[in-house]
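Residue-level listing of the chains:
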Amino acid sequence: MALRPVLRGLRAQRVVLASASPRRRDILTHAGLRFEVIPSKFKETLNKDDFPTPAAYAVENAKQKALEVAERLYQKDLQAPDLVIGADTIVVVDGLILEKPVDKQDAYRMLSMLSGRTHLVVTGVALVRCCPPGKLRQGTDGRLGTDVRTFHEETRVTFSTLSQELLWDYIDSGEPMDKAGGYALQAQGGMLVEAVQGDALNVIGFPLNRFCRALASDPDDPDDPDPPPGSRMAGQDAEDGFQATQAAEDPDAQAALVAAAFDLSGFRRACHVGGGAGALARALRMRFPRLELTVWDSPDHVLRDPLPGPPGTTPIHFLPGDVMRDALPDAELYIVGPALLRRVATACRAGAALLLLLLLEAEAGGGRAGRRLRRLGFTHVAEAGAGRVRAGLGVRGGGQ
């Protein structure tokens, strides 16, 4: 990705940021993007329980914000902008979504939950193109025609253990009141933070790197210099292939593919090897609530505490370790990407099942997941695919 061609492709376009956040405005301005600020009037009243993951909730909020601005501008003067950017940032701890505190006591509640622990900051982003080439400015129902692309970015943030005096000093400063999770990394809240793993700008309010990568892969951008993000990562065996998948595909969609293709209800315990912050595990839990899920990854990648779920579901447990050398955690089903396939396949016991997930190049054919499993001696192999994602399920040395 080259930054200059990405921004040059937007210079002749009318770009609108559908947010009143001064932090998002500053990030995009300092990057050299020319845009208008028109805050969205979308009422953020979505029911969090209707979404399989916090990321899906943030993405939907971002999309509705951008669509509201695009439609309002079109109805006002029939001159829709070329691109509307919507964003929504949330903090997630113990599976709970923390947004902006409503008062000082709410800020205290949030910051107390974060003290001495690691949490996720998730930003959902929507890019709404109002008049992409080859589409009519106006839909057949009289509404504006749009093309919507969405993505989300996750960053892990670790807080120091906070004293009561420090908590209330910070709350009394007034800074927490308009910030997701009740703190601002770029200001006094930075004193509370011990470590950040991932995109720091995402914590501040907007994932600039991911945004530029999305623009670089936009088929409507004539200056597109690179293939879509994730397509090159699919060939990099040095990384977990499914982590590459997560960077380019929605884990909710992947979980939906797995749920539609395979009946996992017969398994009691599953382990996602190299599963990071557990995005896929959270999505799978919504579809298989009785499945006990463990995410096993290096200490730098896994969360410290279990993630409780809605009533009727089991917590997701995180296990730090060396995935290349330590003994496999006990499980009936292992979920892996291609980089860890041979390692897990040779170490898992007879009768255990393995679910392989691949992100394919656009030109690659189907069936690769199943072939890889068969070559390693797996039987009862089934496979499925949707888009660039392929999944294969097989059993090591016996039936399920």
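The structure presented is a predicted model; accordingly, all values stated were derived computationally and were not measured. (Residues numbered from 1 in each chain as written. Predicted model: local features only at pLDDT ≥ 70, side-chain atom pairs only at ≥ 80, totals over all residues. Heavy atoms only, no water.)

Draft legend 1. Structural view of the confidence of the model for the protein. When the pLDDT values of the protein are averaged, the result is 80; 80% of them are 70 or greater. Below pLDDT 50 for its whole length, residues 219-249 participates in 74 contacts with residues either more than four positions away or in separate chains. (pLDDT = per-residue confidence, 0-100. Contact = heavy atoms within 4.5 Å.)

Draft legend 2. A look at the pattern of salt bridges. Enumeration according to the criterion identifies 17 salt bridges in this entry. In this structure, the salt-bridge partner of aspartate 88 is lysine 65, at a minimum N-O distance of 3.2 Å. Taken as a pair, aspartate 88 in strand β3 (residues 83-93) and lysine 65 in helix α3 (residues 54-77) lie far apart in primary sequence, 23 residues in all. Side by side, aspartate 88 and lysine 65 carry an identical accessibility label, which is buried. Between arginine 268 and glutamate 332 there is a salt bridge; the shortest N-O distance is 3.0 Å. Taken together, the residues arginine 268 in the loop between α9 (251-261) and β8 (269-273) and glutamate 332 in the loop between β10 (316-320) and β11 (333-336) connect sequence positions 64 residues apart. Taking the relative accessible area as the measure of exposure, glutamate 332 reaches 14% and is therefore buried. Each member of the salt-bridge network shares a partner with another, and the members are Arg268, Arg269, Asp330 and Glu332. (Salt bridge = Lys/Arg side-chain N within 4 Å of Asp/Glu carboxyl O. Helix = DSSP H or I, 4+ residues; strand = E, 2+ residues; numbered from the N terminus. Buried < 20%, exposed > 50% of the residue type's maximum accessible area, 1.4 Å probe, protein only.)

Draft legend 3. Examining the nonpolar core more closely. Counting 44 residues, the largest nonpolar core has Leu28, Ile85, Leu127, Phe159, Tyr183 and Phe211 as the members making the most contacts within it. Excluding its chain neighbours within four sequence positions, the residues that come into contact with phenylalanine 159 are Leu111, Leu114, Ser115, Gly116, Arg117, His119, Tyr183, Leu192, Val193 and Glu194. (Core = buried A, V, L, I, M, F, W, Y, C linked by side-chain atoms within 4.5 Å.)

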